[in-house]
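# Overview (structure and organization)
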Amino acid sequence: MIIRQFLALAAISLTLAACGQAGSNPNLTAQNSPQAGEQPSQGRRSHRQIDFTAAAQKLGVTEAKLKEALGVPTNPTNSPDGERRRPDLKAAATKLGVTEEKLREALGIPARPPSN
């Protein structure tokens, strides 16, 4: 009986120690997060900011023209409901006179996988 209690106590303390180490070691906690240049796993999406200035330069248009084509406000404000609509990249590419692929590349948006 005493041996079982001792083993249970040892198992609990080892579990707590392992959890404490994982929380304090950034290498262990960051193992599952994507590294620079890697795509996030399919279950999660990365919502990083788009550099409209750089994208406009790549496309040879002004930032204002790019934002207008995408339907993005020049001076964005948070809407009360917090909803953002997705821009129509195909229509925006047509307005800018570029391919949708080139627009996606300039914006840093990965291509959609082909639908089944």
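Just so you know, these numbers come straight off a predicted model, no measurement behind them.

## Examining the environment of Arg-104
Topologically, Arg-104 is positioned in helix α6 (residues 100-107). Given a relative accessible area of 10%, Arg-104 falls into the buried group. Once the C-alpha coordinates of Arg-104 and Ala-93 are considered, the two residues, 11 residues apart in sequence, prove to be 9.0 Å apart. Residue contacts for Arg-104: discarding those within four places in its chain leaves Leu-89, Ile-109, Pro-110, Ala-111 and Arg-112. At 3.3 Å, the side chain of Arg-104 and the backbone oxygen of Pro-110 are in polar contact.

## Comments concerning helix α4 (residues 63-70)
Three or more residues of α4 are buried, namely Leu-66, Lys-67, Ala-69 and Leu-70. Mapping the buried residues of α4 onto a view down its axis gives an arc of 160°, with all of them on the same face. Where the residues of α4 are buried, they touch α3 (52-59), α5 (89-96) and α6. Residue Gly-71 follows α4 closely and has a positive phi angle near 80°.

## As for the packing of α5 against α6
Here α5 crosses α6 at 100°, and the two axes come no closer than 8 Å. Classified by the interaxial angle, the pair formed by α5 and α6 is roughly perpendicular. For the pair α5 and α6, contact is made by Leu-89, Lys-90, Ala-92, Ala-93 and Leu-96 and by Glu-100, Leu-103, Arg-104 and Leu-107, respectively. Residue composition of the contact of α5 with α6, grouped by class: 6 nonpolar, no polar and 3 charged.

Rules behind the numbers
Residues numbered from 1 in each chain as written. Predicted model: local features only at pLDDT ≥ 70, side-chain atom pairs only at ≥ 80, totals over all residues. Heavy atoms only, no water. Helix = DSSP H or I, 4+ residues; strand = E, 2+ residues; numbered from the N terminus. Buried < 20%, exposed > 50% of the residue type's maximum accessible area, 1.4 Å probe, protein only. Contact = heavy atoms within 4.5 Å. Polar contact = N/O pair within 3.5 Å; in protein donor to acceptor, adjacent residues only side chain to side chain. Arc of directions from axis to C-beta. Axes fitted to C-alpha atoms, helices over the stretch in contact; angles between N-to-C directions. Parallel < 35°, antiparallel > 145°, perpendicular 65-115°, else oblique. Nonpolar A, V, L, I, M, F, W, Y, C, P; charged D, E, K, R; others polar.

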